[in-house]
Every structure is written in structure tokens, then in C-alpha cells.
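Descriptive analysis of the structure
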Amino acid sequence: MFGIWCGKDANVAVIEDFSIAFLRIKKDVIASVLRHHSYGTVGCVYGLGVKPQVRAVCCIRHPESGKLLYKDEAGKENLEKHERDTFLVESDGSMIYRMYDGTEFELTLSEEIHMEDFDRPAFVDSDMPLARRMALWNVGWKFTYGDGSLEVSIDTTKYSFFYSIDPEKDWIYCRVGLQGYCEKGWAMLSTVCIRANESRMLEDNLRSLQAYKPMEDCFVTDGCAFPSDGGWYWSVKKVTEDAVYLNGCGGDTYVIGRRR
């Protein structure tokens, strides 16, 4: 089974080629483990500490050559340890994620994933609400890497998992977001995030089982917004038959394109 699972202290996304796990090991330690089903564990990030004393360590294993890239020895050690992590999907759809040291996380299935949905051409219907159109068109995944970087994502109608690491450039951005759509735009509520100076997860991550409904009045014409619900809001700029253009931050334009 492929899908998105949520636990009080964990999130796991599994698709055909790879999985991404976010694990709160302690109050001040959050790990993220990227495992490719053919190459093994290829990425590991640890967010250490709580604001304002936060740092992150990471390590990449090149999927083909096996070369390790890291700046902190702890990053290498963490990746090698998490190589022994396993997970099991139970008959009722729940999951047990077991770390290398026997620590277990119980998770509930929140959204089942069907791989064919990622490739199916998007139907064009002028009567379809804009919110539904964006939700369907925004579904997809990617797994890209270079000699020293990884950029991986899984986007469903409900969730966005993003995993981007470049140790040489001291770049770390790994997060889970709840997707929210309405006729005024697209919003995302970040529930887990690890960056060089940020490490956080919802106090009770089971809250991320709930759908996210953005507040329509908070969308800003010609720009982005960060209202009190903690979401990131991008308002609709232009709509065509094949794409929805949104007002990003800093003058950027984001595009949700129709799969053909």
C-alpha cells in the first residue's frame, strides 16, 4: 500500500520508488529519513534543539555511486544507523515504523496513494470549481539528484512532502505541509519543518490528519500572505485552460499546470 501516514510524533509518505519519514525522537530531536527502495537510505537530516538554539546536521548517499557527502560526522553516523529502520503496514491500514534501536512509532493512514493518479492526464472542465482544479493538477512527485544534492517531493491533494539537501551549500529544507485550496487561491500549513535554524513539529501531529481549510478573507490581491492560522497564502493571479498562476512572495509567480 502507498500513502501518507500520521502519528503523534511522526509522518511517513510512501510511494512506489521511495519513502520519506519525519520522526520526533525527543522533544528537541527531529529526524527525517529518505529511503529509496532500490538504493537504500540516501538522505538523513537531524534537527537538533528548540528555538532559538537550533542546528541541523545531514548526510547524502549518492543513489548510484554510493558516495557519502556530509560536513558533520554525526550526519554520516545518523544515516548509517537509520539504514536499519523498517516499517510495517498492518491489515487495518495502520503503520508501525521501527527505528534501528527498536523505538516504534504508531501511525494512522490519512490518505491512500494510487500511483496512476500521478500520470493520469487532468480532465478539463470549465464547470469544475477552481479549488478542485488546483488540487487535482498539483498532484505529482519527483526524485532528482546531482553529485552533491537531493531534491525530492510528493504532492497529493491533501499533503506536500518536500526534501531538499545540499551539504556543500549548507542548504537544508525538509518539511510536510497540509494543502488548502479555495476559489481565491492556494495555501499551505507547514506541520513539520527542518532547516539549518529551524526544527519543529506540531505538538500533537495527529492534528495533521484533519483537512486544512484556508481562510478566504486572508488572501491578498497581487501578493502572498501569512495570516494568524500559520498558513502560507498565494492568491490567484490568472487562470487559463491549462494553468493556474498564483501570486508568490517577492514578486514571484507560481504555476499549477494541467497534466497532459
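That block above? That's the structure.
Residues numbered from 1 in each chain as written. Predicted model: local features only at pLDDT ≥ 70, side-chain atom pairs only at ≥ 80, totals over all residues. Heavy atoms only, no water.

1. Brief notes about the pairing of strand β13 (residues 159-166)
Most of β13 sits inside the fold, with eight of its eight residues counted as buried. Side chains Tyr159, Phe161, Tyr163 and Ile165 of β13 all project onto a buried face; the interleaved residues Ser160, Phe162, Ser164 and Asp166 project onto the opposite face, where all are buried too. Where strand β12 (residues 150-155) meets β13, six bridges bridge the pair, whose relative direction is antiparallel. Among the inter-strand pairings, Asp155 is bridged to a residue of β13, identified as Ser160. Between β12 and β13, which pair antiparallel one after the other, the connecting turn spans three residues. Where β13 meets strand β14 (residues 171-182), eight bridges bridge the pair, whose relative direction is antiparallel. Of the residues in β14, the one forming a bridge with Tyr159 is Leu178. Counted along the chain from β13 to the antiparallel partner β14, the turn is four residues long, and its residue Asp170 has a positive phi close to 55°. (Buried < 20%, exposed > 50% of the residue type's maximum accessible area, 1.4 Å probe, protein only. Helix = DSSP H or I, 4+ residues; strand = E, 2+ residues; numbered from the N terminus. Pairing = 2+ DSSP bridges.)

2. Here we look at the sheet that holds strand β3 (residues 18-26)
An order of β7-β6-β5-β4-β3-β2-β1-β10-β9-β8 is seen for the 10 strands of this open sheet, with the pairing classed as antiparallel. Of all the strands in the sheet, just β7 (68-70) and β8 (86-89) have a single pairing partner and so form its edges. On average, adjacent strands in this sheet sit at an angle of 20° to one another, irrespective of strand direction. In the sheet, β8 pairs with strand β9 (residues 95-98) via four bridges, with the strands oriented antiparallel. Looking at the pairing, Val89 lines up with Met95 of β9. Helix α1 (residues 73-82) rests against β3, β4 (29-36), β5 (40-50), β6 (53-61) and β7 of the sheet, and its axis sits at about 125° to β5. (Axes fitted to C-alpha atoms, helices over the stretch in contact; angles between N-to-C directions. Contact = heavy atoms within 4.5 Å.)

3. Here we look at the nonpolar core
Looking at soluble globular proteins, one finds that nonpolar side chains tend to be buried together. One finds Ile20, Phe22, Leu34, Ile154 and Phe161 to be the most contacted residues of the largest nonpolar core, which totals 39 residues. The element that contributes the greatest number of residues to this core is β14, accounting for five residues. Beyond its immediate sequence surroundings of up to four residues, Phe161 is in contact with Ile4, Asn11, Val12, Ala13, Ile20, Phe22, Val152, Ser153, Ile154, Arg175 and Val176. By size, the runner-up hydrophobic cluster in this structure holds 19 residues, among which are Trp5, Ala21, Val33 and Leu79. (Core = buried A, V, L, I, M, F, W, Y, C linked by side-chain atoms within 4.5 Å.)

4. Some thoughts on the packing of aromatic side chains
Following the criterion strictly, the structure yields 11 aromatic pairs and no others. Consider the rings of Phe18 and Phe143, whose centres lie 5.3 Å apart with planes at 45°: the pair is tilted. Of this pair, Phe18 sits in strand β3 while Phe143 is found in strand β11 (residues 140-145), placing the two residues 125 residues apart along the sequence. Look at Phe18 and you get buried, because its relative accessible area is 0%. Each ring, one from Phe87 and one from Tyr97, has its centre 6.4 Å from the other, and the planes form 20°; the classification is stacked. Taken as a pair, Phe87 in strand β8 and Tyr97 in strand β9 lie far apart in primary sequence, 10 residues in all. With a relative accessible area of 30%, Phe87 lands in the partly exposed category. One aromatic cluster is present, formed by Phe18, Trp141, Phe143 and Tyr145 through successive ring pairs. (Phe/Tyr/Trp six-rings, centres within 6.5 Å; stacked < 30°, edge-to-face > 60°.)

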